[in-house]
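What follows is each chain in one-letter form.
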Amino acid sequence: MKGTVHYEQRGATALLTIDNPPVNPLSSGVRQGLSDGIGRALADESVQAIVLTGAGRAFIAGADIAEFGGEAQGPSLHDCLKAMDDSDKPIVAAINGTAFGGGLEVALCCHYRVIAPNAPVGLPEVKLGLLPGAGGTQRLPRLIGAAKALDFILSGDPIPGPQAAELGIVDEVAEGDIVAAGIAYAEKIIAAGSPIRRIRDEDDIVAADRGKPEIFENARKNAARRMRKRFAPEMIIQCVEAAVNLKDFDAGMKVEQECFSRCIQHPQREALIHVFFAEREVAKIPDVPRDTETIEIARAGVIGCGTMGGGIAMSFLNVGVPVTVLELDQAALDRGIGVIRRNYDIQVQRGRMAAAEVDERMGLLTGTVRYEDLSSADVVIEAVYENIDVKVETFRKIEAVAKPGAILASNTSGLDIDKMAAATSRPEAVIGLHFFSPANVMRLLEVVRGAKTSKAVIATSMKLGKRLNKIAVLSGNAPGFIGNRLLAGYTRQAGEIILQGATPYQVDNVLLGFGMPMGPFQMNDLVGLDLGWRARKLSGMKPEDVPITARIADKLCELERFGQKTNRGFYIYPEGSRAGQADPEVVKIVEETSAELGIERREIDDEEVLKRCLYPLINEGAKVLEEGIAIRPCDIDIVYINGYGFPEVTGGPMFWADQQGLDTVLADIKRFQEIYGGDIWQPAPLLERLVAEGKNFASLQA
Ligand SMILES: NC(=O)c1ccc[n+]([C@@H]2O[C@H](COP(=O)([O-])OP(=O)(O)OC[C@H]3O[C@@H](n4cnc5c(N)ncnc54)[C@H](O)[C@@H]3O)[C@@H](O)[C@H]2O)c1
C-alpha cells in the first residue's frame with residue numbers, strides 16, 4: 001500500500017501526520033493509516049483530541065490519480081470520513097499546505113480547521129469533469145452558504161488561506177508552527193468543553209438559502225455562459241440544491257453519489273482527463289532534456305506595438321518583466337502605449353485590477369524608436385507587419401544591437417523562421433514565439449523551432465511560456481506551423497459549403513452547437529473582412545484569380561460591410577452590440593455568387609457541415625504528425641483548444657477523432673474526396689496506416 005500516517009501523542013492530543021511524498025495524495029496506505037490512527041486515538045483514554053496534518057509541502061493534494069480505474073485496496077475514503085465525522089473527540093485539521101479535492105473534503109470532515117497563510121485550498125474536480133464526491137458538495141454549503149459554495153466549486157480555482165478564512169471555510173489562519181497552532185486550538189476546545197461541531201449536523205446557514213431558487217438559477221446562467229457544454233456543473237448545482245433542500249445529510253450524500261457516477265460515466269470526463277495530462281505532456285521535447293541549461297530572462301524587447309506587440313508587452317508586464325517597445329515613429333509609439341494603458345484602465349473599471357497595479361506595470365514599460373535601446377533585452381520579439389521582407393530587415397537590425405546570448409524571436413503567424421534566421425549571424429538564437437490574439441489573454445504560445453535553433457533557446461522559450469502563464473507547444477517550421485496550417489482547411493470548407501447550398505448562419509450554428517465559441521463567419525466578422533480584400537487589391541490580383549471562397553466576403557467589402565467594425569458583415573450588428581443578426585441581403589448575395597460560379601445549390605445537412613469543417617483538421621493533423629511538425633497528437637489537441645477555441649470537453653480534434661473511430665472518419669474523408677476532390681480530402685497516409693492496423697492516434701502517444 002502506498003503512503004502512511006504517523007501517529008504521535010503530544011500531551012492529550014494525538015497528532016496524525018500524513019506522509020505520502022511528494023504531495024500526500026489519498027492513496028491506499030494513507031486511508032489505512034487514517035482509519036487506524038483515528039481508531040487508536042478513540043480507544044486511548046489518555047487522548048482527548050486529534051490533530052491531522054501533512055508532512056512536507058502539502059496537507060493532502062487530492063485523490064491518487066494513479067489508483068483511478070484500478071482495484072481499490074484498503075478502506076474506502078468514505079469509511080475513513082465516517083469514522084472522523086462520528087468521532088466523539090474533536091478533530092482539528094492543521095492545514096500546513098495544499099488541500100485540494102479530497103484533501104479539502106477530509107479537512108471539511110474535521111470538526112475545526114486552522115490553516116497556514118500560504119496554504120492553498122480548492123476543489124478542482126470540475127476541471128476534470130467531476131464533482132467533489134466525498135461530501136464536499138454537502139458540507140461546504142452547510143458551512144458557507146449555497147451561493148458561495150457554488151462559486152467556489154464551479155470555479156475549481158484554489159484560494160490562499162486568508163481568503164479561505166474570510167469565506168468561512170477555515171476557522172483560523174495561524175502564522176508560524178501550524179502543528180502547534182492546531183494542538184493549541186484543540187486544547188482550547190477541550191478546555192472550553194465546547195460541543196463537537198460536525199458540519200453534517202449544521203442547518204442554520206442552508207436553512208437561510210431554502211426557498212431561494214434564484215441562487216441556483218444564477219449559478220445555471222453563469223455556468224451556461226462560462227462553461228458552455230459542460231456536464232459536471234449541472235451535476236454540482238443539483239448536489240448543492242440537495243444540500244439546501246433535503247435537510248437530511250445522508251439523503252444529500254446519496255444525490256452526490258448518483259451525480260458523481262453520472263460524471264464518471266460521461267465521455268467528457270475522459271476527454272478532460274486527456275487534456276489534463278496533455279497539458280503536462282506538451283512540455284516534454286524528446287531531444288531537449290529537462291535539465292537543458294536555460295537563459296535568464298530579466299528584460300524583454302518588443303518590436304511593433306500594434307495589436308500583437310501591445311498584447312505581448314502586456315504579457316511580460318503582467319508577470320513583472322520590464323519591457324522596451326520599439327515602433328516606427330513617435331506617433332505610432334504613443335498610439336501603441338496608449339492602447340496598453342487603456343486596456344489596463346478597462347481592467348480597473350471592471351474591478352479586476354487596482355489603479356496602483358496599473359502604475360506599477362506601466363512603470364516597467366519603456367518606449368523607443370531607436371534599436372540601440374534594445375541592447376539590454378534578453379529576448380527580443382518582433383511583431384511587425386506580416387511580410388517576409390519586412391521581417392528579414394527587422395532581424396538584421398535586431399542582430400546588430402542585441403546582446404550576445406539574447407533570444408531573437410518572431411511572432412509571425414506562419415512565415416519561414418529559417419529565412420529570418422539566415423538574415424543574422426546567429427541562427428541558433430532565432431525562434432518563433434507565436435502568440436494568439438489578444439496576446440495578453442490567450443493561453444497558447446506556439447514555439448517554432450528553426451533548423452538551427454539551439455536547445456537552450458528552445459528550452460528557455462518553453463519555460464518562458466509557463467512564466468507568462470501560457471501553455472507552450474513546440475512546432476516545426478513549416479508554413480502556418482501547427483495551428484494555422486490546420487485552420488486553412490476548416491475555413492476553406494466553410495466557404496465552399498455556403499457556395500454549395502448552406503447559409504453562413506447554418507454553418508455557424510452547427511459549429512456553435514458543437515461547442516466552438518463562434519462560427520467561421522462570426523470569426524470573419526470579428527477579424528474584419530477587409531484585411532483579405534485589401535491585401536488582394538494591393539497585390540493586383542485579377543478578379544478571376546480571387547479564390548472562390550473569398551468572393552462573397554469581397555462583395556460584402558465592396559458594400560463597405562467589413563464586419564463588426566462597420567456594424568455589418570455576414571451579420572448585422574445593432575449599434576453597440578456584438579451579437580449579430582442574420583441578414584436576408586447576405587443570403588441573396590451568397591445565392592447570386594453560387595449562380596455566377598455555376599454552382600447548383602442543394603440542401604446540405606448539419607452532419608455534413610460538421611464533418612466537412614472538422615475532418616480537414618484531423619486529416620491535416622495526421623499529415624502534420626507524419627511530417628514531424630507536431631511531436632504528438634495531444635500537442636495538436638492543446639493547440640486547438642487553447643488557440644482556436646476547440647471545445648475542451650471533446651479533448652481536442654485528434655482525441656475527438658479517436659472517439660468517432662478513425663475508420664469511420666477515413667471512410668467519410670474518402671467519400672468527400674470522391675465528391676469534391678482536392679488536396680484537402682487526399683487521405684493522410686498516417687491515417688490510412690492507423691486504420692489498416694486497427695490503431696488510433698492515442699497509440700502514437702504510448
Ligand atoms: N492579429 C492577429 O490576430 C495575429 C495573431 C498572431 C500573430 N500575428 C502576427 O503578429 C504580427 C503583427 O500583427 P498585428 O496584428 O499586431 O499587426 P498591427 O498592424 O496591428 O501591428 C503592427 C505594428 O508594427 C509596427 N511596425 C511595422 N513595421 C515596423 C518596423 N519595421 N519597425 C517597427 N515597427 C513596425 C506598425 O507601426 C504597427 O504598429 C504579424 O506578423 C502577424 O502575422 C497576428
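Residues numbered from 1 in each chain as written. Predicted model: local features only at pLDDT ≥ 70, side-chain atom pairs only at ≥ 80, totals over all residues. Heavy atoms only, no water.

Chemist: Got a minute to help me understand the side chain of R536 in this structure?
Modeler: As for its position among the elements, R536 is in helix α22 (residues 530–538). Other than its neighbours up to four places away in sequence, R536 contacts M541, V546, P547, A550 and D554. (Helix = DSSP H or I, 4+ residues; strand = E, 2+ residues; numbered from the N terminus. Contact = heavy atoms within 4.5 Å.)

Chemist: I'm lost on the side chain of E620 in this one. Help?
Modeler: Take E620: it is sitting in helix α25 (residues 606–626). On the basis of relative accessible area, E620 is assigned to the buried category, the value being 17%. A distance of 2.8 Å separates polar atoms of two side chains, one belonging to E620 and the other to R485. Not counting chain neighbours up to four residues away, the residues in contact with E620 comprise R485 and L486. (Buried < 20%, exposed > 50% of the residue type's maximum accessible area, 1.4 Å probe, protein only. Polar contact = N/O pair within 3.5 Å; in protein donor to acceptor, adjacent residues only side chain to side chain.)

Chemist: Looking at this model, I keep getting lost on the site of the ligand. Mind explaining?
Modeler: Near the ligand lie 20 residues; those nearest to it are M308, E327, E386, K391 and S413. Within the backbone of V384, one N or O atom sits 3.3 Å away from an oxygen atom of the ligand. Between an oxygen atom of the ligand and a side-chain N or O atom of E386, the distance comes to 2.5 Å. Protein coverage of the free-state accessible area of the ligand, which is 820 Å², stands at 78%. Considered class by class, the residues forming the shell around the ligand number nine nonpolar, eight polar and three charged. (Near = heavy atom within 4 Å. Areas by Shrake-Rupley, 256 points an atom, 1.4 Å probe, with all protein chains shown as cover. Nonpolar A, V, L, I, M, F, W, Y, C, P; charged D, E, K, R; others polar.)

Chemist: I keep staring at the packing of aromatic side chains and nothing clicks. Help me out?
Modeler: Geometry of an aromatic ring pair is reported as the spacing of the ring centres plus the angle between the planes. Under the defined criterion, the tally for this structure stands at 14 aromatic pairs. With centroids separated by 5.4 Å and ring planes inclined at 75°, the aromatic side chains of F436 and Y644 adopt a geometry described as edge-to-face. Of the two residues, F436 is situated in the loop between β16 (430–435) and β17 (444–449) and Y644 in helix α26 (residues 633–644); the sequence distance between them amounts to 208 residues. With respect to class, F436 is no different from Y644; both count as buried. Ring centres 6.3 Å apart and planes at 50° place the aromatic pair Y571 and Y573 in the tilted group. Take Y571 and Y573: they sit in the same class, and that class is buried. One aromatic cluster in this structure is built from F436, F514, Y615, Y640, Y644, F646 and W656. Just above the ring of F276 sits the side chain of R280; from NZ or CZ to the centre is 3.8 Å. (Phe/Tyr/Trp six-rings, centres within 6.5 Å; stacked < 30°, edge-to-face > 60°. Lys NZ or Arg CZ within 6 Å of the ring centre and 35° of its normal.)

Chemist: Hey, could you run me through the pattern of salt bridges in this one?
Modeler: Pairing between side chains of opposite charge can happen when their charged atoms approach one another. The full count for this structure, using the stated rule, is 44 salt bridges. Sharing partners across several salt bridges, the network here consists of D85, R139, R200, D201 and D250. (Salt bridge = Lys/Arg side-chain N within 4 Å of Asp/Glu carboxyl O.)

Chemist: Please explain unusual backbone geometry as it appears in this structure.
Modeler: For the peptide bond that leads from P21 to P22, omega is 0°, which places it in the cis range. On the secondary structure map, P22 appears in the loop between β2 (13–19) and α1 (28–43). Residue S437 is joined to P438 through a cis peptide bond whose omega torsion reads -5°. For P438, the location among the structural elements is in the loop between β16 and β17. A positive phi angle, close to 70°, is found at K229, a residue other than glycine. Summarising the element assignment, K229 is placed in the loop between α9 (214–226) and α10 (232–245). You can call K229 partly exposed: its relative accessible area is 42%. Look at N567: it is not a glycine, yet its phi comes out positive at around 65°.

Chemist: What's the story with a nonpolar patch on the surface in this structure? I'm lost.
Modeler: A contiguous nonpolar surface patch, about 360 Å² in accessible area, is contributed by M523, L526, V527 and L531. The element that contributes the greatest number of residues to the nonpolar patch is helix α21 (residues 520–527), accounting for three residues. Within the element layout of this structure, L526 appears in helix α21. (Patch = residues over 30% accessible without salt bridge, like charges linked within 9 Å, V, L, I, M, F, W, Y side chains within 5 Å.)

Chemist: Just checking my understanding: could you explain the nonpolar core for this structure?
Modeler: Side chains that are nonpolar tend, in soluble globular proteins, to be buried together. In terms of nonpolar packing, the biggest core is built from 85 residues, with L16, L52, M84, I95, L140, L150 and I169 touching the most fellow members. No other element matches α10, which puts eight residues into this core. Setting aside anything within four residues of it in sequence, one finds L140 in contact with L108, L123, G145, A149, F152, I153 and I169. Within the second largest apolar cluster, 72 residues are counted, among which are F436, Y615, A657 and V665. (Core = buried A, V, L, I, M, F, W, Y, C linked by side-chain atoms within 4.5 Å.)

Chemist: What is the right way to look at α22 in this model?
Modeler: Helical geometry note: an α-helix holds 3.6 residues per turn, so side chains three or four residues apart project in the same direction. Taken residue by residue, α22 has D530, W533 and R536 as its buried positions. Summarising the axial view, the buried residues of α22 lie within an arc of 130°, below the 170-degree limit, and thus occupy one face. Where the residues of α22 are buried, they touch α23 (551–558). Positive phi shows up at G540, right after α22, with a value of about 70°. (Arc of directions from axis to C-beta.)

These values are about where atoms sit, not about what they do.
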